[in-house]
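# Structural overview for review
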Amino acid sequence: MINRPSDTADRAAALTGALRLDGADAAAVAALLHAHGEPTLPRITDDDVTALRAVADRLWDVFAAPDVGTAAGLLNGLLTEYAAPPRLSAHDGTAWHLHADRGDEASWAEWFAATSALALAVVLAERKSVPGGLCASPTCGRPFAMTGRGAPRRYCSARCGSRERVAAHRRAQK
Ligand SMILES: [Zn+2]
């Protein structure tokens, strides 16, 4: 589901980080999806997690892409593989939103690939720049989406940015 593409792009970054860096299990994935907009706690199996992790590996490459052309090529590959023709839906009493997954027969992994790729593609086209990055803090490295206006960010969060500024200041004083 795409409500605001930036929210869906943030969810893509959060789930990619959880699967790649935190070894998230089925319960953790379900909780994360619920926290990022699924109306109820979804039922996620261990097989779902294995398939989701393979998609997270592909999305990791998008967040790590060195330039916008590389990111666009990777996203086009994901869209070709996973996306269906876009359609508007208001299922289950939800507000109107855009779907690009294959519908009820799609697995969680296929849904995650299609929705994440479409949202990151919209962010890329809006910014005309890479849709995300990996946190420049050497102790973090988490993926993040380039949501919000302004210059490209280097850090996943204000917390990582200020920690690195303090560290750079200390290094400069020595
Ligand atoms: Zn960080």
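On a predicted model such as this, the values are computed, not experimentally measured, just so you know.

## Comments concerning the nonpolar core
By size, the foremost hydrophobic cluster in this structure holds 35 residues, and its most contacted members are Val29, Phe112 and Leu120. Here this core gets nine residues from one element, more than from any other, and that element is helix 5 (residues 108–127). Excluding anything up to four places from it in sequence, Phe112 contacts Ala12, Leu15, Thr16, Leu52, Val55 and Leu59.

## What to know about the coordination of the zinc ion
Angles at a metal have ideal values that depend on geometry: 109.5 degrees with four tetrahedral donors, 90 or 180 degrees with six octahedral donors. Coordination of the zinc ion by the protein involves Cys135 (SG), Cys140 (SG), Cys156 (SG) and Cys160 (SG), with metal-donor separations of 2.3 to 2.4 Å. For the zinc ion, the four donor atoms in the first shell make angles of 103 to 116 degrees at the metal, a pattern classed as tetrahedral. Each donor residue of the zinc ion belongs to the same chain, with the gaps between them written as C-x4-C-x15-C-x3-C. With relative accessibility at 6%, the residue Cys135 sits in the buried group.

## A look at the pattern of salt bridges
Side chains that differ in charge, positive against negative, can pair when their charged atoms come close. For the coordinates displayed, the defined rule picks out six salt bridges. The residue Arg20 makes a salt bridge to Asp57 at a minimum N-O spacing of 3.1 Å. One end of the pair, Arg20, is in helix 1 (residues 5–21); the other, Asp57, is in helix 3 (residues 46–63), with 37 residues separating them in the sequence. Judged by relative accessible area, which is 36%, Arg20 ranks as partly exposed. Note that Arg58 is salt-bridged to Glu81, the shortest N-O span being 3.0 Å. Of this pair, Arg58 sits in helix 3 while Glu81 sits in helix 4 (residues 68–82), and the two are 23 residues apart along the sequence. The exposure class of Glu81 is partly exposed, given its relative accessible area of 41%.

The rules behind these values
- Residues numbered from 1 in each chain as written.
- Predicted model: local features only at pLDDT ≥ 70, side-chain atom pairs only at ≥ 80, totals over all residues.
- Heavy atoms only, no water.
- Core = buried A, V, L, I, M, F, W, Y, C linked by side-chain atoms within 4.5 Å.
- Buried < 20%, exposed > 50% of the residue type's maximum accessible area, 1.4 Å probe, protein only.
- Helix = DSSP H or I, 4+ residues; strand = E, 2+ residues; numbered from the N terminus.
- Contact = heavy atoms within 4.5 Å.
- Donors = N, O, S within 2.8 Å, 3.2 Å for Na, K, Ca; no water.
- Tetrahedral: all angles 85-135°; square planar, octahedral: opposite > 155°, others 65-115°.
- Salt bridge = Lys/Arg side-chain N within 4 Å of Asp/Glu carboxyl O.

That's the geometry; what it means functionally is another story.
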